[in-house]
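If you want the building blocks of each chain, they are given just below.
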Amino acid sequence: MAPPNPLADWERVGDRFYRKVRVYDAVFDEDLELENYIVAGAPYGGAVGIFLSIQIRTGTPCPEPWLIVGHFSSVSRREQALQWEFGSIRGLGWSDNEELLVVTEDGTVRRYFGLHGDFAPFSLGNGAEEYGVRSCRFWSSGFVALLSNNQLIAVSNYAEPRPKLLAPSPEGEVSSWSLIPPSYTLSRSVEVLLAVDKTIYVVDATEAEDRMLQNGPFKHVSVSPTGRFVALYTSDGKVWVVSSDFQNKYSEYDSKAKTPPLTVEWCGDDAVILAWEDEIHMVGPSGAASRYYYDGRVHVIPEFDGVRLLTNESCEFLHKVSAVTEEVFRLGSTSPASVLLDSVDQLEKKSPKADENIQRIRPNLPEAVDICVKAAGHEFDTYWQKRLLKAASFGKSVLELYNSDEFVEMTERLRVLKAVRDFEIGMPISFDQYLRLTPEKLIDRLVNRHEYLLAIRISEYLHIPVDKIYVHWAIQKVKASTADDDAVCKLIVQRLEGKSGISFEAIAQAAYDEGRSHLAIQLLNYEPRAGKQVPLLLNMEEDEIALDKAVESGDTDLLYYVLLHLKKKLPLSSFFRTINDRPTAAALVETSAREGDTELLKDLYYQDDRPIDGSNILISEALKQDEAQGKIEKLNLASRVLTESKDPAILFQQKSLSEAAQLLKVQEALDKELSDGPDFVGLSLNETVYRLIKSGYGKRAQKIHNDFKMPEATYWWVRLRALVAKRDWGELEEIAKAKKSPIGWEVSSMQHPWIPVLPS
C-alpha cells in the first residue's frame, strides 16, 4: 500500500500554505438538519454544544427545544441532551475549562460543568431582564452581553461572576460587534468593538471612543486570537484586515458575494474565514484567498491556531502549515531535514545513498534532527509521525553527542495525542493546543468525560498524580449507584485501598450532598486527616463524632475549633453535658475559660458540682474589686456557693467567707465614721482591733472582739501590742492588775514587776 501523500491537503494562499486535515467521519446523524442549529465548541478540541434554533431563524416556535452537549467522533457520539424550557437562548459559549455558558434573553446565565448537566446559575442584573439580552461574545474566562438598548454588561470571572456595566454605548443600530479580551488590551479590561452606522466604536469600562470610519455599515467584526488584528466585512462584500487600533490597513478581499456570510472567524492569526451555508472562503495575507465547498451546512469553531469545520459528514481541522513541516515536505525541498527523511527511505532499501545523504548534511545534522522531531508533532497522520521520528532517530544515532530529551518528550506527547484523538475519545486537539492546554488540564477533560482508565494510564505515563481521578470516579459512583450504603462504601474502599493522596472527605461530601449521610460518615472513617473529617462532620451536625475525632487527633487547634462551634450552637447545659465524658475537652474548656471567660468557668464548676473551685473564682474577683461594696458582694456570693455542702472543710471555708464579708462591712463603716483616721478596709481582724486600740477606740475594739468571737488570748496579745505601741503605760498597768490573765505574767526584778510570758 502506497504511503499517504503529505502534500495532498495543502493549499497555497498567497505565499503561505494551509492544510485541511480530516480528523473524524460521520460526526452527526445524516438526518440531522445542521442548518437549524446553533453550534458552539470548547477550545482545544473540546466538547460541542448545539441548540435547535429554528425559532430564531424563522420565527416559528420550536415544539421540542433541546440543548445537546457532547463530544463527537466518528463512531462514538456521547451526548447529554437537555430539554430546554428556560427561555430563548441569546448566547452559547465555552470557557477554557470546558464549561458551557448559556445566556437567555432575560439575563439568566447557566454555567454547566462536567458535561453531564450539572450547572450553577447567576443573573446579569443591571437591566438585563428589563431590556433583554440581544447577543453575547465570549472569551476564555468571561463574556460580554449586548442588551436591546445597546448597553453592555461584562462578566470577567465565571467562578465569581460580578456583572458590571461598561461605558454607555452610542445610540443607533448595532450591525455587528466583537471584543478584545483583557489580556490583549493596554487597560487590562475588556474592550468591545461596536459597528454602529458607518463607523466603529471602542467601548471599555470608562468611555466609548469613535474610530471615525466612513465605510460602514460593517456586517461582521472579528478580532484575531491575539487581539492584534480586526477583520471587517463591509456591506459591499469586502473584507478588510486592519490593526486593532485602526491605524493600519493590511489587506482587502472582495468576496463578490451578494449575501453576507453567516460567520467571520480567524484561522489562527494569519487568515480570515468567511462561512456561508455550504461555502468557505479563507482569506490570507495580501488578500489572497482559497475556497472550499460542501454539500451541506458547515459550522466554524475557531481555535487559536486554526479552525474546526463541522458538517454532518466530517470534522476537519484547517490550519496553517508550520514552518518545520513546510521545510521537510515542501515540493523540491533540499533542506537538511528533508534529506534526512529521504535517507530513511534509502536505508530501508539498503542503498548506499543513505550514507551519502548523511555525509552531505553532516554539518547541519543536529538541526535536521530537531526539525524532524518538531515536524512529527505537527502531523495528525501516524504514518508520517513514525517516519519523521525514525528519521530523527537515524540522524541522532550518527551523532556522537546529542541531547535526546526533546526526542523522548515528543514521543511521549505523540502517544498521548494519539490516545485522545482516537475516535472512541473524540478530542481533535493539535500539538500546539496540547502544549497550551497542558497535560494536567487534558487529564481533567478526560475525567469529566468519565474516561477514567485512559486518564489514569496517561497520568502514570507522564508521572502525574492520579488521586484526583480516583476521587472523581468515587464521587460519580456515589451519585449514580442505587446500591445500599454499606455496599457502595465497601466497593469504594476496596478500589481505593493502597492509593496515595486519596481524599475521602471529598467523596463523603458528595455522599452528604446526595442525602446519604450514613454513607458519608462511613467514608469519613477512612479519611486519615482529622482536619478533613471534622469540618464536614460539623456541617452534617454529627457534633459528638466530630468532637471525638478532634480529641483522637491530638490537635489542640482543631479541638478548640470544634468546642467553639459547639458552644455557639448548643445551650450551655447541653454543651457541658457533651464535654463531661471527655476529660481532654473539658480540661481544654477550663484552661481557655481561665484566661478570659470566668462566667463560663463558673457555669462549668456549677455543672460539675465543684463548689470550692466556683467559690475560689468569686474570691479572686473580690480581690480585684476596688470598692469595698463590690468585695462584700463577691464574698457573699462565694459564701452562698458553699452553703449547700455538708463537708466540714467546705463549711469552715463558707463560715470564713461570711465573716470576711462581715468584717469588710464593719471596716467600711469605720472608714466612714472615723474619717480622720487611717483606712480600715482590707485589714485583717487582728490588725483592725490593733489599729482601733492604738487610735483610742478601745470600746469599738472590744465590740469587734465580741462580735467575731475573737479568742481571748489573741485579743490580749493584740491589745498588749497596741498599748505598747501607743505608750499607754497607765492602761498597761491596769490590765496587769487583772487577777487572771489569759496570756500569763512573770515577776521581774526590774522596776515594773510584770512582764508577760512570751508564748513558746
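Residues numbered from 1 in each chain as written. Predicted model: local features only at pLDDT ≥ 70, side-chain atom pairs only at ≥ 80, totals over all residues. Heavy atoms only, no water.

Here the focus is the confidence of the model for the protein. On average, residues of the protein score 85 in pLDDT, and 84% of them are at 70 or above. Here residues 55-64 is a poorly scored stretch, pLDDT under 50, and it has 14 contacts once near neighbours within four places are set aside; other chains count. Confidence drops under pLDDT 50 across residues 749-754; counting only partners more than four residues distant or on other chains, this segment forms eight contacts. (pLDDT = per-residue confidence, 0-100. Contact = heavy atoms within 4.5 Å.)

So, about the sheet that holds strand 10 (residues 118-123). Consider a sheet: its strands pair through backbone hydrogen bonds, and that pairing is either parallel or antiparallel. An order of 7-8-9-10 is seen for the four strands of this open sheet, with the pairing classed as antiparallel. In this open sheet, the two edge strands, each paired with only one partner strand, are strand 7 (89-94) and strand 10. Taking the axes of each pair of neighbouring strands and ignoring which way they run, one obtains an average angle of 20 degrees across the sheet. (Pairing = 2+ DSSP bridges. Helix = DSSP H or I, 4+ residues; strand = E, 2+ residues; numbered from the N terminus. Axes fitted to C-alpha atoms, helices over the stretch in contact; angles between N-to-C directions.)

As a volume, the second largest pocket reaches approximately 780 Å³. The wall of the second largest pocket is formed by 27 residues, among which Asp 444, Val 447, Asn 448, Lys 468 and His 472 lie closest to the centre. Sorting the residues of the lining of the second largest pocket by element identifies helix 10 (439-448) and helix 12 (467-480) as the ones contributing at least two each. When its residues are assigned to classes, the lining of the second largest pocket shows eight nonpolar, eight polar and eleven charged. Structurally, the lining of the second largest pocket is a two-domain feature, drawing no fewer than three residues from each of domain 1 (12-320) and domain 2 (325-570). (1 Å grid on protein atoms, 1.4 Å probe; cavity = no way out; pocket = protein on both sides within 12 Å on 5 of 7 lines; lining within 4 Å. Points joined across faces, edges and corners; volume = space filled by probe spheres on them. Nonpolar A, V, L, I, M, F, W, Y, C, P; charged D, E, K, R; others polar. Domains from an automatic or database assignment.)

Moving on, we come to the sheet that holds strand 17 (residues 199-203). Overall, antiparallel pairing links the four strands, which are arranged 15-16-17-18 in an open sheet. The open sheet has two edge strands with one neighbour each: strand 15 (174-180) and strand 18 (208-210). On average, adjacent strands in this sheet sit at an angle of 25 degrees to one another, irrespective of strand direction.

One can find Ser 169 in the loop between strand 14 (164-165) and strand 15. In this structure Ser 169 comes out as buried when scored by relative accessible area, which is 17%. A distance of 2.7 Å separates the side chain of Ser 169 from the backbone oxygen of Asn 150, its partner in a polar contact. Sequence-distant contacts of Ser 169, that is, excluding residues within four places in its chain, are made with Asn 150, Gln 151, Leu 152, Leu 194 and Val 203. (Buried < 20%, exposed > 50% of the residue type's maximum accessible area, 1.4 Å probe, protein only. Polar contact = N/O pair within 3.5 Å; in protein donor to acceptor, adjacent residues only side chain to side chain.)

Here we come to helix 14 (residues 504-513). All of the buried residues in helix 14 are Phe 504, Glu 505, Ile 507, Ala 508, Ala 510 and Ala 511. Looking at the buried side of helix 14, the elements it contacts are helix 12, helix 13 (485-496), helix 15 (517-524) and helix 16 (530-539). Phi turns positive one or two residues past the end of helix 14, at Gly 515, with a value near 80 degrees.

Together, Glu 30, Asp 31, Glu 33, Asp 278, Asp 295 and Glu 313 line one region of the surface with negative charge. Mapped onto the elements of the fold, Asp 31 is located in the loop between strand 2 (16-25) and strand 3 (37-41). Relative accessible area serves as the criterion here: at 66%, Asp 31 is assigned to the exposed category. (Patch = residues over 30% accessible without salt bridge, like charges linked within 9 Å, V, L, I, M, F, W, Y side chains within 5 Å. Areas by Shrake-Rupley, 256 points an atom, 1.4 Å probe, with all protein chains shown as cover. Salt bridge = Lys/Arg side-chain N within 4 Å of Asp/Glu carboxyl O. Lys, Arg positive; Asp, Glu negative; His and termini not counted. Charge placed at Lys NZ, Arg CZ, Asp CG, Glu CD.)

To describe a pair of aromatic rings, you give the distance between the ring centres and the angle between the ring planes. Following the criterion strictly, the structure yields 14 aromatic pairs and no others. Consider the rings of Phe 143 and Tyr 158, whose centres lie 6.3 Å apart with planes at 20 degrees: the pair is stacked. Of the two residues, Phe 143 is situated in strand 12 (residues 142-147) and Tyr 158 in the loop between strand 13 (152-155) and strand 14; the sequence distance between them amounts to 15 residues. Centroid distance Phe 229 to Tyr 250: 5.4 Å. Interplanar angle 90 degrees. Geometry classified as edge-to-face. Residue Phe 229 is found in strand 20 (residues 229-234), and its partner Tyr 250 is found in strand 22 (residues 249-254); the two are separated by 21 residues along the sequence. (Phe/Tyr/Trp six-rings, centres within 6.5 Å; stacked < 30°, edge-to-face > 60°.)

What follows is about the nonpolar core. By size, the foremost hydrophobic cluster in this structure holds 98 residues, and its most contacted members are Leu 340, Ile 492, Leu 496, Ile 507, Leu 523, Leu 563 and Ile 579. If sequence neighbours within four positions are ignored, Leu 496 has contacts with Tyr 470, Trp 473, Ala 474, Ile 502, Phe 504 and Ile 507. Of all hydrophobic cores here, the second largest spans 21 residues; its members include Leu 663, Tyr 690, Ala 722 and Ile 743. (Core = buried A, V, L, I, M, F, W, Y, C linked by side-chain atoms within 4.5 Å.)

Before going further, it helps to spend a moment on the pattern of salt bridges. Here the structure, examined in full by the defined rule, presents 27 salt bridges. Across the salt bridge formed by Arg 211 and Glu 209, the nearest N and O atoms sit 3.4 Å from each other. For Arg 211, a relative accessible area of 23% gives the class partly exposed. According to the relative accessible area criterion, Glu 209 is partly exposed, its value standing at 35%. The salt bridge partner of Arg 582 is Asp 548, with a shortest N-O separation of 2.6 Å. One end of the pair, Arg 582, is in the loop between helix 19 (572-580) and helix 20 (583-596); the other, Asp 548, is in helix 17 (residues 543-553), and 34 residues separate them in sequence. When its relative accessible area of 14% is taken as the criterion, Arg 582 is described as buried. We classify Asp 548 as partly exposed; its relative accessible area is 30%.

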